[in-house]
Amino acid sequence: MPIKHGLTYPIRTSLTLRTNIIKQASPLTIPYHHILQSKSQRSPKMATRRIISQEKTLLDQPDPNSLSSSSPAQKSNITPAVPSAVIFKLLAFTLAMMVVPIGSYFATVNTLFKGNSTYAGGLAAIMANVVLIGYVLVAMAEDQSDRLEEEKKQKQEGKKDR
């Protein structure tokens, strides 16, 4: 087998030959003079100096989350981002989404539909859609009521400014 740059490889096509050379290459087989260059051949490096005495380090800067003695004590806001009424409505509709379709299925499969589970399953699907549409309507009404309350407050503030 021929030897090239300290590597042995079988004679094959040029593409296979190149991949074998790359696979077999290691830092020890590459000539050292290709890695190191003289100072005249290296690209010049630009460096800037920073004035460190005027800058504050990370430890010197005040922590925005801590309460220091120089700043007045602030009371933390622990109110939830979502009003509790909205959470209760969501929980109620979640419970209704589980109970109403299943309850309607078992309530009607033997009584109303006399054992026909296809009709009882269809009614259960319809009842699930009724619960879902009810939730959407309640959410839209709540959003409109919030908007109306904000408009009333803005109108009252506008009358006070006059």
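Residues numbered from 1 in each chain as written. Predicted model: local features only at pLDDT ≥ 70, side-chain atom pairs only at ≥ 80, totals over all residues. Heavy atoms only, no water.

Per an unreviewed UniProt entry, the protein goes by the name Vacuolar ATPase assembly integral membrane protein vma21 and belongs to Podospora pseudopauciseta. Under the Function (unreviewed entry) heading, UniProt states for the protein: "Required for the assembly of the V0 complex of the vacuolar ATPase (V-ATPase) in the endoplasmic reticulum." For the protein, the Sequence similarities (unreviewed entry) comment in UniProt is given as "Belongs to the VMA21 family." (UniProt positions renumbered as here; feature names shortened; annotations may be inferred.)

Some words on the overall build of the protein
Scanning the protein from N- to C-terminus turns up four helices and two strands. Scored against the burial criterion, the 162 residues of the protein give a buried share of 7%. Within the protein, contacts between residues separated by at least 24 positions form 33% of all contacts whose residues are at least 6 apart in sequence. On the protein, roughly 14900 Å² of surface is accessible, and the fraction owed to carbon and sulfur atoms is 62%. (Helix = DSSP H or I, 4+ residues; strand = E, 2+ residues; numbered from the N terminus. Buried < 20%, exposed > 50% of the residue type's maximum accessible area, 1.4 Å probe, protein only. Contact = heavy atoms within 4.5 Å. Areas by Shrake-Rupley, 256 points an atom, 1.4 Å probe, with all protein chains shown as cover.)

With respect to the UniProt feature "transmembrane region" (unreviewed entry) in the protein
According to UniProt, the "transmembrane region" (unreviewed entry) feature falls on residues 86-107 and 119-138. Taken end to end, residues 86-107 is 100% helix and 0% strand, and its first and last C-alpha atoms sit 30 Å apart. Taken end to end, residues 119-138 comprises 100% helix and 0% strand; its first and last C-alpha atoms sit 29 Å apart.

Some details on a nonpolar patch on the surface
A cluster of nonpolar side chains, namely Leu90, Met97, Leu132, Ile133, Tyr135, Val136, Leu137 and Met140, defines an oily patch on the protein surface of about 720 Å² accessible area. Elements supplying a minimum of two residues to the nonpolar patch: α3 (84-108) and α4 (117-161). Per element, the largest residue contribution to the nonpolar patch is six residues, and it comes from α4. Relative to the helices and strands, Leu132 is located in helix α4. (Patch = residues over 30% accessible without salt bridge, like charges linked within 9 Å, V, L, I, M, F, W, Y side chains within 5 Å. Salt bridge = Lys/Arg side-chain N within 4 Å of Asp/Glu carboxyl O.)

Comments concerning the side chain of Thr108
Position of Thr108 relative to the elements: it lies in helix α3. Among the residues examined, Thr108 registers a relative accessible area of 11% and is labelled buried. At 2.6 Å, the side chain of Thr108 forms a polar contact with the backbone oxygen of Ser104. (Polar contact = N/O pair within 3.5 Å; in protein donor to acceptor, adjacent residues only side chain to side chain.)

Observations concerning the pattern of salt bridges
In total, this model carries two salt bridges according to the counting rule given. Notably, a salt bridge pairs Glu142 with Lys89, separated by 3.2 Å at the nearest N-O pair. Of this pair, Glu142 sits in helix α4 while Lys89 is found in helix α3, placing the two residues 53 residues apart along the sequence. For the salt bridge of Asp143 with Arg147, the shortest nitrogen-to-oxygen distance reads 3.1 Å. Placement of the pair is Asp143 and Arg147 together in helix α4, with a separation of four residues, close to one helical turn.

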